[in-house]
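The chain contents come next:
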Amino acid sequence: MDFTPEQITRLLEALGLGSDVTDAELVVVAVEELVTAPPVAAASAAAAGGVVLDPAAYDVLKADADRGRALAAASKVREANDAVDSAIRAGKLPPARRQHWLDVIQADPAMAATLKQMPVVIPLEELGHCDPGANDPDGLTEPAGWFR
């Protein structure tokens, strides 16, 4: 295969070599470097600290990231539910305020810690009793008429 002088000049310019290069080995090395060099997109991405992905790998990574975000959101909802339900069981909140506190914790997750520190305000155990006969062990006292 023979090249015309114009073709040789164009080839040398495309390889980034001067038109005065006459060493065939130098041309071969330049062609090999060009063929084995990473593509421009990969080189540009690497220079910017990134990588080039094929579309299928990108789709898999994106789907996994979406799934991870969904799991993280579900975990936050579960933690908020656990914090509020625990406070209700401990007597820190009435059950009617459950949704309010879930909304509060969703707006500000730090409120879950505040909820844990709240004092118990709803007695969960019996504080006393009302048995009119308990003060009269002999049963001699007649209860008032309005007790009947």
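Sequence positions are assigned chain by chain, starting from 1 and proceeding in written order. In keeping with the model being predicted, local features are shown solely for residues with a pLDDT of at least 70 and side-chain atom pairs are shown and tallied solely at 80 or more, while totals for entire chains, interfaces and linings include all residues. As a rule here, side-chain values come from all non-hydrogen atoms in the structure, and water together with hydrogens is ignored.

**Some thoughts on the nonpolar core**
- Residues belong to a common nonpolar core when they are buried Ala, Val, Leu, Ile, Met, Phe, Trp, Tyr or Cys residues joined through side-chain atoms within 4.5 Å. Three exposure classes are used, based on accessible area relative to the maximum for each residue type with a 1.4 Å probe and protein chains only: buried under 20%, partly exposed in between, and exposed over 50%. If you look at the biggest cluster of nonpolar residues, it comprises 11 residues: Ala 80, Ala 83, Val 84, Ala 87, Ile 88, Leu 93, Trp 101, Leu 102, Ile 105, Ala 112 and Leu 115.
- Among the elements of the structure, helix 4 (55-90), helix 5 (98-107) and helix 6 (111-117) are those that each provide at least two residues to this core.
- The criterion used for residue contact is that any of the two residues' heavy atoms lie within 4.5 Å. Those residues in contact with Leu 93 that sit more than four places away from it in its chain are Val 84, Ala 87, Ile 88, Trp 101, Leu 115, Met 118 and Ile 122.
- Membership of the second largest hydrophobic core comes to five residues, among which are Leu 12, Leu 15, Leu 17 and Ala 30. Elements are defined by DSSP. Helices are runs of H or I of four residues or more, strands are runs of E of two residues or more, and each kind is numbered from the N terminus.

**Side note on the pattern of salt bridges**
- Salt bridges, as used here, are contacts in which a Lys or Arg side-chain nitrogen is within 4 Å of a carboxyl oxygen on Asp or Glu. Going through the model one piece at a time under the given rule, you end up with four salt bridges.
- A salt bridge links Asp 64 to Arg 67, with the shortest nitrogen-to-oxygen separation between them at 3.3 Å. Highlighted residues: Asp 64 and Arg 67, both in helix 4, separated by three residues, approximately one helical turn.
- Judged by relative accessible area, Asp 64 falls into the partly exposed class, the value being 38%.
- Residue Asp 66 is joined to Arg 69 by a salt bridge in which the shortest nitrogen-to-oxygen separation is 2.6 Å. Of this pair, Asp 66 and Arg 69 both sit in helix 4, separated by three residues, roughly a single helical turn.
- Taking the relative accessible area as the measure of exposure, Asp 66 reaches 34% and is therefore partly exposed.
- Judged by its relative accessible area of 53%, Arg 69 is exposed.
- By sharing partners, the salt bridges in this structure join Lys 62, Asp 66 and Arg 69 into a single network.

So far we have only geometry, and geometry alone does not tell us how the molecule works.
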